[in-house]
Amino acid sequence: MIDRSFFEKDAETVAQKLLGKVLKINNRKVVITETEAYPATDSACYGKDQEGNLRITEATKPLFEKPGTVCIYGGMILISCNESGTPENVLIRRGGNESCYLEGPYSLGKYFDVSDSFYELHGADILSENSIIKISEELKIKFTKTTRVGLSENIKDDDYKKEFRFILLNNN
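Description of the structure in this document. (Residues numbered from 1 in each chain as written. Predicted model: local features only at pLDDT ≥ 70, side-chain atom pairs only at ≥ 80, totals over all residues. Heavy atoms only, no water.)

**Considering the overall build of the protein**
Check the secondary structure of the protein and you find five helices and nine strands. Along the protein, helices (α) and strands (β) appear in the sequence α-α-β-β-β-β-β-β-α-α-β-β-α-β when read from the amino end. For the protein, the C-alpha radius of gyration of 15 Å lies close to 16 Å, the compact-globule estimate for 172 residues. By principal-axis analysis of the C-alpha atoms, the protein measures approximately 40 × 35 × 30 Å. When the 172 residues of the protein are sorted by exposure, 48% land in the buried category. Taking as baseline every contact in the protein between residues at least 6 positions apart, the subset at least 24 positions apart corresponds to 58%. When the accessible surface of the protein is summed, it comes to about 9000 Å², and 46% of that surface belongs to carbon and sulfur atoms. The centroid of the 23 positive side-chain charges in the protein is displaced by 4 Å from the centroid of its 27 negative side-chain charges. (Helix = DSSP H or I, 4+ residues; strand = E, 2+ residues; numbered from the N terminus. Rg over C-alpha atoms; globule rule 2.2 N^0.38 Å. Buried < 20%, exposed > 50% of the residue type's maximum accessible area, 1.4 Å probe, protein only. Contact = heavy atoms within 4.5 Å. Areas by Shrake-Rupley, 256 points an atom, 1.4 Å probe, with all protein chains shown as cover. Lys, Arg positive; Asp, Glu negative; His and termini not counted. Charge placed at Lys NZ, Arg CZ, Asp CG, Glu CD.)

Right, here's the structure in full:
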């Protein structure tokens, strides 16, 4: 069972542990097949500006809440982790089910109609009984890791080269 301690780990650990889990919003669900970690110390971290200062806005505020809080950022689904007060988070990058495979975080957001459910999702506690978003356990899985994609040129070289992207492998 997933509880608060699942999300009270660093972003790299949570990103890996989310692979193979089922993400459910309302009546739709997908198996998470790819994630990206955004540690609070990383220059690519949502919740920081280009100079590395904390950036708490209405858009990023959920990232600073308790671990397991959902942030809908530009149509993408992010989940806060580690500890309250830091913007450490994980981006759900790809997922699929029997009828579709969603290639990228914007496709996932569109599939789940996050813009229509924004006020129910943005800032929601994923562990709350009343939450419309849930994550459930799945089988043990194998994955690979690589560098993240689509980062801006303002990211530090060391952060750009970090292998913080995790991809579920065919586990047959």
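Once you've had a look at it, read on.
**With respect to the layout of surface pockets**
Estimates place the volume of the largest pocket at around 390 Å³. What lines the largest pocket is a set of 22 residues, among which Ala44, Tyr46, Leu151, Ser152 and Ile155 lie closest to the centre. Those elements that place two or more of their residues in the lining of the largest pocket are β2 (28-38), β5 (89-96) and α3 (105-111). Taken together, the residues that form the lining of the largest pocket break down as twelve nonpolar, five polar and five charged. (1 Å grid on protein atoms, 1.4 Å probe; cavity = no way out; pocket = protein on both sides within 12 Å on 5 of 7 lines; lining within 4 Å. Points joined across faces, edges and corners; volume = space filled by probe spheres on them. Nonpolar A, V, L, I, M, F, W, Y, C, P; charged D, E, K, R; others polar.)

**Quick look at the pairing of β2**
Here β2 lies mainly inside the structure; eight of its eleven residues are buried. Judged from the four bridges that link them, strand β1 (residues 22-25) and β2 form a sheet pairing that is antiparallel. Within β2, the residue paired with Leu23 across the bridge is Val30. The hairpin formed by β1 and β2 contains two residues between the paired strands, and Asn26 there has a positive phi angle of roughly 55°. Pairing geometry for β2 and β5, over seven bridges, is antiparallel. Among the inter-strand pairings, Val31 is bridged to a residue of β5, identified as Gly96. Where β2 meets strand β9 (residues 165-168), three bridges bridge the pair, whose relative direction is antiparallel. Across the sheet, residue Glu36 finds its bridge partner in β9, namely Arg165. (Pairing = 2+ DSSP bridges.)

**Observations concerning unusual backbone geometry**
Here Asn26, not a glycine, exhibits a phi torsion of approximately 55°, which is positive. With respect to the helices, strands and loops of the structure, Asn26 is situated in the loop between β1 and β2. The phi torsion at Asn82 lies on the positive side, around 75°, for a residue other than glycine.

**Observations regarding helix α2 (residues 11-18)**
One turn of an α-helix holds 3.6 residues; hence residues three or four places apart share an orientation. When we look at burial in α2, the residues that qualify are Ala11, Val14, Ala15 and Leu18. Down the axis of α2, the buried set is contained in an arc of 100°. They therefore lie on one face. For α2, the elements touching its buried residues are α1 (4-7), β2, β4 (76-80), β5, β7 (133-136) and β9. Its side-chain oxygen at 3.1 Å from the backbone nitrogen of Glu12, Asp10 defines the N-terminal cap of α2. Downstream of α2 by a residue or two, Gly20 has a phi angle that is positive, lying close to 85°. (Arc of directions from axis to C-beta. Polar contact = N/O pair within 3.5 Å; in protein donor to acceptor, adjacent residues only side chain to side chain.)

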